[in-house]
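Notes for the structure review
The residues making up each chain are set out below.
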Amino acid sequence: MRDFAAELEQRRDQGLYRQRREVDSPQQPELVVDGRPMLAFCSNDYLGFANDPAIIEAARATLSSAGLGGGASHLICGHHRAHHELEQTVASFTGREDALFFSTGYMANMGVISALAGRGDTIFSDRLNHASIIDGCLLSRARIRRYPHGDTEALAEQLAGTEGHKVVVTDGVFSMDGDLAPLAELARLCRTHDALLVVDDAHGFGVLGEGGRGSLSACGLGQDDVPVVIGTLGKAFGTSGAFVAGSSLMMDYLVQKARTYIYTTSMPPAIAAASTASIRMAMAADDRRAHLRNLIDRFRRETQAMGYALMPSDTPIQPILIGGAAEAMALSRALEGHGIWVTAIRPPTVPQGESRLRVTLSAAHTEAHLDRLLQALAVCRQEIGLTAA
Ligand SMILES: *Cc1c(COP(=O)(O)O)cnc(C)c1O
């Protein structure tokens, strides 16, 4: 049998050991973590909806009328009116004909990718795609060709040299870097090479585009350009679950073929109702997006002036690039000493030598919260002796 204990020990030695912290408050900037107050800059609650009273009330009302459990899968007897209403809301929000509600973004990627490609087909996947996309590709049993991050020239060559059914899959906003995929060029390439484009915009919806309609909307791309778009509801929308949107034909196909939609219990209808309320609120949240924009701009300006290395990101995901896993952990711990929580992201989540502090900003952060982060970053730089990036 494998020596599991030794593997754990090795992880510890390499500074790669992962630990969970216990939160004892709703998700919001000011958390109680392991019994201690902390100011967090690491959640994906970009609009501050995770503890929003109106969204909670939508869930509560539906708990009263529809009860708690989903009861069965959508195709048995678990497809509730609240699920249907959410799917209709998502369809109109994303400008697509129809949508499906999945239990998580992870399940959506696994189910959608493995339904749309199979043995003998080829999937082209950006090297920095999310783990759930990678697993969806593996599950499909299709041939997988990874292309260098955002490199449309390399992708064009790969596409030109491949016969048969082709699927290109990418994050819209990359989850650990915060940058955008070259979506317009990807759409053009897919059209030229008769490939199906699938975009997972987990971090774009709610934040980017007019009314928070995501990175595709921000690039002016519609259903004809990107036939399949995936979004999660657990990030900017502050609830739980995920959606896939596209043509009625495509959604019908997925209902027949996406195993993670078919063979799992539907989400509680109350979660669907909360998500419907949340999407409606997100469309009207221009004030929150403007505030978030200001926080992002100020964070970038002031941390770069201190000498920190940021990444080319224009989104609420603002990683501070450190390099070594141990150094990233040291900065995370130093910040914690000042009551600030930013998790260090290390391999294998990011490539070797690219460990970072993944700072995320939220419309729920105030200017005073950002003051505290910036002050702590200035002091911690000295404390741990960071010089160059
Ligand atoms: C978070 C994330 C997912 C997974 O979504 P969940 O609903 O949390 O399972 C999928 N894709 C990307 C790009 C993500 O960042």
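Residues numbered from 1 in each chain as written. Predicted model: local features only at pLDDT ≥ 70, side-chain atom pairs only at ≥ 80, totals over all residues. Heavy atoms only, no water.

Going by an unreviewed UniProt entry, the protein carries the name 8-amino-7-oxononanoate synthase and comes from Tamilnaduibacter salinus. Annotation of the protein in UniProt includes, under Function (unreviewed entry), the sentence "Catalyzes the decarboxylative condensation of pimeloyl-[acyl-carrier protein] and L-alanine to produce 8-amino-7-oxononanoate (AON), [acyl-carrier protein], and carbon dioxide." The UniProt entry for the protein carries this comment under Pathway (unreviewed entry): "Cofactor biosynthesis; biotin biosynthesis." (UniProt positions renumbered as here; feature names shortened; annotations may be inferred.)

In this section: the overall build of the protein. Helix and strand counts for the protein stand at 15 helices and 14 strands. A compact globule built from 389 residues would reach a C-alpha radius of gyration of about 21 Å, and the protein, at 21 Å, matches this within 12%. When the backbone C-alpha atoms are referred to their principal axes, the protein occupies close to 60 × 55 × 50 Å. Taken over 389 residues, the protein has a buried fraction of 54%. Put simply, of all contacts in the protein between residues at least 6 apart along the chain, 71% involve residues at least 24 apart. (Helix = DSSP H or I, 4+ residues; strand = E, 2+ residues; numbered from the N terminus. Rg over C-alpha atoms; globule rule 2.2 N^0.38 Å. Buried < 20%, exposed > 50% of the residue type's maximum accessible area, 1.4 Å probe, protein only. Contact = heavy atoms within 4.5 Å.)

Before going further, it helps to examine the packing of aromatic side chains. Considering all chains together, one arrives at four aromatic pairs under this definition. One aromatic cluster is present, built from ring pairs that chain together Phe93, Phe205, Phe237 and Phe243. One cation-aromatic arrangement involves Arg21 over Trp341; the distance from NZ or CZ to the ring centre is 6.0 Å. The ring of Tyr308 has Arg381 lying over it, and the distance from NZ or CZ to the ring centre is 4.7 Å. (Phe/Tyr/Trp six-rings, centres within 6.5 Å; stacked < 30°, edge-to-face > 60°. Lys NZ or Arg CZ within 6 Å of the ring centre and 35° of its normal.)

With respect to the secondary-structure elements, Gln318 resides in strand E11 (residues 317-323). Contacts of Gln318, omitting those with residues within four sequence positions, involve Ile296, Phe299, Arg300, Leu310, Ser313, Leu357, Val359 and Leu361.

The next point concerns the UniProt feature "domain: Aminotransferase class I/classII large" (unreviewed entry) in the protein. The residues that UniProt annotates with the feature "domain: Aminotransferase class I/classII large" (unreviewed entry) are residues 37-377. Along residues 37-377, the helical share is 45% and the strand share 18%, with 18 Å between the first and last C-alpha atoms.

Bringing the UniProt feature "binding site: substrate" (unreviewed entry) in the protein into the picture now. As annotated by UniProt and renumbered to match this structure, "binding site: substrate" (unreviewed entry) occupies Arg18, His130 and Thr349. Among the structural elements, Arg18 can be located in the loop between helix H1 (4-13) and strand E1 (30-33). Given a relative accessible area of 46%, Arg18 falls into the partly exposed group. Apart from residues lying up to four places away in sequence, Arg18 is in contact with Arg11, Arg346, Pro347, Pro348 and Thr349. Structurally, His130 is set in the loop between strand E4 (122-126) and helix H6 (131-140). A relative accessible area of 26% means that His130 is categorised as partly exposed. Those residues in contact with His130, other than ones at most four positions away along the chain, are Asp171 and Ser175. There is a polar contact of 2.7 Å between the side chain of His130 and the side chain of Ser132. (Polar contact = N/O pair within 3.5 Å; in protein donor to acceptor, adjacent residues only side chain to side chain.)

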